[in-house]
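Each chain, written out:
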Amino acid sequence: MELADLRAGRRLSGSETFRVALLIPMCGSAGIWAPSCISSAQVAIAELNERGGIAGRKVQLIMIDAAVEAPEPVEEVVNGLIEARAIDAIVGMHISAIRQRLSKVVRQRIPYVYTPLYEGGETTAGLFAIGETPDEQLGPAIKLLQERYRPASWALIGNDYVWPRSSHSYAKGRLRELGVPVVMERYVPFGLNCMGRLIDELATSGADAVLLSLVGQDAVAFNRAFGRADLHRRMIRLSCAMEENGLLASGAANLERLFTASSYFGVLPTEANAAFKERYYSMHGDTAPVLNALGQSTYEGLQFLAGLMGGHHQSWHMQGGQDSLPVQYHSGRQSGVQSALDRKPIYLARADGLQFHIIKEFKNSDL
């Protein structure tokens with residue numbers, strides 16, 4: 001259900017359904033992720049309703065635009081819906097800057113599950129961040145790429161908000177341990193119209209590797225400009241946010257020597273992912289939006305929410321963060337019922353045309 005339909009229906013409270021606000025960016029730089037996120041969430045809703053829903057009620061999604069560029073501030077929208085008792089929970093797949101704004105508004109009134117990779121350190125009660133963090137993604141990936149390609153120096157480029165800055169702070173620490181200097185560090189606003197000046201600066205920086213922490217369409221624009229400048233001939237790229245939509249939009253010619261560290265890829269060769277893909281494409285057809293880590297995270301976030309309410313419906317508001325409760329839930333990554341206390345493997349993949357090729361799995365012992 002769209003937010004406008006909910007408002008137009010004038011039945012904001014007293015619903016017989018369990019309404020979950022799905023907060024995703026629907027416009028701007030991160031809007032490229034929306035179709036995959038919505039489609040994956042719909043698979044979770046179908047499964048949950050087949051099992052009886054949440055708290056004995058059928059689950060209904062309310063789609064809300066959580067983009068930085070959204071015309072209506074998302075925290076005002078959410079606060080109004082909570083006060084009207086129109087929503088029972090939040091599943092959010094959006095950038096950390098939005099999460100920080102929302103955490104001041106939600107205030108334990110309803111459970112809030114935050115699904116994507118993020119900078120770590122979230123401890124707000126009633127807010128559950130279930131995505132991977134820089135120490136899980138970047139640590140082993142940087143070490144492997146440094147050993148294999150031996151870049152003499154790195155550049156760090158990201159959007160100007162908390163996740164890129166925190167990720168780069170962690171990366172600089174790891175690179176210092178490896179004795180490798182950072183020769184360029186730049187942060188740019190969302191929706192940067194022209195990447196030319198940034199690419200020119202990168203080309204003259206002397207860097208042999210780039211940690212890319214740009215979001216959505218900004219990463220696409222960077223990769224296109226990077227490819228036109230033939231910088232792949234002397235630099236490797238590592239990203240934690242580049243996913244399958246970004247590959248398609250960037251174009252195969254602009255993806256040479258691009259690596260991504262993530263907990264999920266559409267090509268993940270596990271039985272759980274094979275089953276998840278079968279359900280996904282059976283529901284949406286062969287032309288469905290591509291599966292990716294951010295979309296799968298909305299599926300997992302809804303499953304986590306069901307486990308949270310099933311096992312901790314009286315105590316969820318007292319806990320928060322990432323590993324604070326032993327929530328049991330289903331995942332598209334691994335078979336069986338998962339526990340939030342068990343951290344999932346991280347995979348390093350290389351862009352191969354318009355697909356990813358997984359080259360390494362990092363387990364907990366590697367992190």
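Calculation rules
Numbers given to residues run from 1 along each chain, matching the order in which its sequence is written. Given that this is a predicted model, residues contribute local features only at a pLDDT of at least 70 and side-chain atom pairs are listed and counted only at 80 or more, while totals for whole chains, interfaces and linings are drawn from all residues. Note that water and hydrogens are dropped before the side-chain values are worked out from all heavy atoms of the structure. Between any two strands, pairing holds if DSSP finds at least two bridges. We count a stretch as a helix when DSSP gives it H or I for four or more residues in a row; a strand needs E for two or more, and each element gets its number in order from the N terminus. Where helices are involved, their axes are fitted lines through C-alpha atoms of the stretch in contact, as for all axes, and angles between N-to-C directions lie from 0 to 180°. Any helix carries an expected span of 1.5 Å times its number of residues minus one. Throughout this description, buried means an accessible area under 20% of the type-specific maximum (1.4 Å probe, protein chains only), exposed means over 50%, and partly exposed covers the range between. For crossovers, right-handed means that the path from the first strand over the helix to the second runs clockwise, given strands pointing away from the viewer. Salt bridge, as applied in this entry: a Lys or Arg side-chain nitrogen positioned within 4 Å of an Asp or Glu carboxyl oxygen.

Caption draft 1: The arrangement of the sheet that holds strand E14 (residues 355-362) in detail. Read from one edge to the other, the open sheet built from seven strands follows the order E7-E6-E8-E9-E10-E13-E14, with strand pairing classed as mixed. A strand with exactly one partner marks an edge of an open sheet, and here the two such strands are strand E7 (182-188) and E14. The sheet shows a mean angle of 20° between the axes of neighbouring strands, taken without regard to direction.

Caption draft 2: Just helix H2 (residues 34-50), in detail. Taking 1.5 Å of rise per residue, 17 residues should cover 24 Å, and H2 covers 25 Å from first to last C-alpha, within 8% of that figure. Counting buried positions over the 17 residues of H2 gives 13, a clear majority of the element. Glycine 52 lies just past H2 and shows a positive phi near 105°.

Caption draft 3: Looking closely at the sheet that holds strand E2 (residues 59-65). Taking strand neighbours across the sheet as the criterion, the five strands line up as E2-E1-E3-E4-E5 in an open arrangement whose pairing is parallel. Among the strands making up the open sheet, the edge pair consists of E2 and strand E5 (127-129). Ignoring strand direction, the axes of neighbouring strands in this sheet form an average angle of 20°. Alignment of strand E3 (residues 89-92) against strand E4 (residues 112-114), held across three bridges, turns out to be parallel. By the bridge assignment, valine 91 is partnered in E4 with valine 113.

Caption draft 4: Structural view of the pairing of strand E8 (residues 209-213). Most of E8 sits inside the fold, with five of its five residues counted as buried. What you see with E8 is no split at all: Ala209, Leu211 and Ser213 on one side and Val210 and Leu212 on the other are buried throughout. Examined bridge by bridge, E8 and strand E9 (residues 236-239) share four bridges and lie parallel to one another. When the bridges of E9 are listed, leucine 212 appears paired with serine 239. Once the chain exits E8 it traverses helix H8 (residues 216-228) before rejoining the sheet at E9, and the crossover so formed is right-handed.

Caption draft 5: The arrangement of the pattern of salt bridges in detail. Going through the model one piece at a time under the given rule, you end up with 11 salt bridges. Note that glutamate 185 and lysine 172 form a salt bridge whose closest N and O atoms lie 3.0 Å from each other. With a gap of 13 residues between them, glutamate 185 in strand E7 and lysine 172 in helix H6 (residues 162-177) connect regions that are remote in the sequence. In this structure, the salt-bridge partner of arginine 174 is glutamate 177, at a minimum N-O distance of 3.2 Å. Placement of both arginine 174 and glutamate 177 in helix H6 is noted, with a separation of three residues, approximately one turn of the helix. Several salt bridges share partner residues, and in doing so they unite Arg99, Glu119 and Glu122 into one network.

Shape descriptors only; they carry no functional weight alone.
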